[in-house]
Structure formats: structure tokens, C-alpha cells
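Reading the structure
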Amino acid sequence: MRLDVDFVLYASIVIACLIPLYIYRKKVFSSVLKKNDISLFIRDIKKHMQVEHPKIKIDYAIIDKTKDENNIEVRQTIIVEDIVSQFFYYEYEKKTQSDIQREKHWQGYEERSISNDKYPNDWPIRKDFAWKRDNGSCNRCGTKIQLEDAITVFVKDIKDGGGYNFENIIILCSDCNKTINSQNPKNSISSLQLNEKLMIYVQG
Ligand SMILES: [Zn+2]
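Residues numbered from 1 in each chain as written. Predicted model: local features only at pLDDT ≥ 70, side-chain atom pairs only at ≥ 80, totals over all residues.

**Section: the overall build of the protein chain**
Broken down by element type, the protein chain carries 9 helices and 2 strands. Order of helices (α) and strands (β) in the protein chain, N terminus to C terminus: α-α-α-α-α-α-β-β-α-α-α. For 204 residues, the compact-globule estimate of 2.2 N^0.38 gives 17 Å, and the C-alpha radius of gyration of the protein chain, at 27 Å, exceeds that figure by more than 25%. With the C-alpha coordinates aligned to their principal axes, the bounding extent of the protein chain is approximately 105 × 35 × 20 Å. (Helix = DSSP H or I, 4+ residues; strand = E, 2+ residues; numbered from the N terminus. Rg over C-alpha atoms; globule rule 2.2 N^0.38 Å.)

Pasting the structure below:
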């Protein structure tokens, strides 16, 4: 009987000690969590850029530069903004693309490749071939895109005498198309889909 009373007493003390720890658990563990959260965030964000945009080489110096920022959400947002900005300013030059196998050219291909204000009526086939030639990925950043989301641009603009031949057709994703045609960097950067995709990793 005596043992039972002791047991209840000690158990009560242990529980009483655990209550404040439970109530203040966020404060007690916050410093530990902060460290873990940022490393997971960094891992996720690096993986995202590597897998989704393999052609864009990102400099992650911003991670170290923001190490004194105690607000984790603020720090992560600054890191995201820096990466999106690097994505935008990453140098890209439109270069002549490869042709598809000559034997796959169809009748009338050459004639309809000549520069013309109006797209040739075989344009959907050309776009489809160019997309397959590039393994369904963006020429600038390397992200995978569905055919219906692929945007085509020309190495040499049609108005400047460029043609509809495969060597002149470039496949881009919408963010890269927006980037290379940007007139207003600030607006363009904030409207990139990459923002939303990376902000998903930021803890609110
Ligand atoms: Zn792209």
C-alpha cells in the first residue's frame, strides 16, 4: 500500500514537471527546430533547382549571407528571392538548333520553311518534332514541359528573315520565355511561376 502511494506521488511529480515542458515546447525546442528546418529547406530547394532546372547553375552564397537572420520565414523568403533572381538573370543566348533526320522531312518542308508572316500550315507537326528533338525540355533551363505548354521562339526572328526550319526553332518553358522577352525585370521576376513553386518550401 505504502509503495502505491509513493508511486502515485512520484508519478504526479513527473507529470507536473512535464506539463510546463509541454506548454512551452515550442519555445524550448525552437532553436533546435530552427536549425533542422533550414537544413531541410536548403536540401529541398537545391534538389528542386537541380531536378527541375538542371541547366541553371545557382550560386547558394545567400544561405551563408543570411545566417544571422533569426526569423526563419524571412530568411527562407530572402533565399527564394535570390534564387528566382538568379534564374532570371542567368545568361542565355539563342543558338542555332539541330535539324531532325533529313529523311523525316516531308514533301513541301523546304518551301514552307521560308520566312513568312503567316505560320505554315504544317506548323503543329514542326512544333511536335522540335519538342521531341529536345526530349520535351526547355532549351534554356532544362525543365520538362508538356507539348501544349511548350513555347516556341526563333533563333532568328521571322520578321528579320528567319525561317520555320528546325534549326531556327527553339523550345522554351513559359518562365524562360517571359525572361528572355522581359521589358521590366522587376515585374517579370515577381510573375515567374518559379516563385510559387519555391515558396511552397517556406514555412509560414
Ligand atoms: Zn525554362
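**With respect to the environment of Tyr-10**
Tracing the backbone shows Tyr-10 in helix H1 (residues 2-23). Sequence separation between Tyr-10 and Phe-154 is 144 residues; the distance between their C-alpha atoms is 79 Å.

**What about the domain arrangement of the protein chain?**
By the assigned domains, the protein chain splits into domain 1 (2-91 + 184-199) and domain 2 (102-172). Computed over C-alpha atoms only, the centres of domain 1 and domain 2 are separated by 42 Å. Contacts between domain 1 and domain 2 engage 5 residues on the former and 4 residues on the latter. A per-class count over the side of domain 1 that touches domain 2 returns 2 nonpolar, 1 polar and 2 charged. (Domains from an automatic or database assignment. Contact = placed C-beta atoms within 7 Å. Nonpolar A, V, L, I, M, F, W, Y, C, P; charged D, E, K, R; others polar.)

**Considerations on the nonpolar core**
Nonpolar side chains in soluble globular proteins tend to end up buried together. Among the nonpolar cores identified, the biggest contains 24 residues, and Ile-83, Val-84 and Ile-171 are the most heavily contacted of them. Mapped by element, the contributors of at least two residues to this core are helix H2 (25-52), helix H4 (72-89), helix H6 (123-133), strand E2 (169-172) and helix H9 (193-199). In terms of residues, this core owes the most to one element, H4, which gives 6 residues. The two domains that each donate at least three residues to this core are domain 1 (2-91 + 184-199) and domain 2 (102-172). (Core = buried A, V, L, I, M, F, W, Y, C linked by C-beta atoms within 7 Å. Buried ≥ 20, exposed ≤ 12 C-beta atoms within 10 Å, placed from the backbone.)

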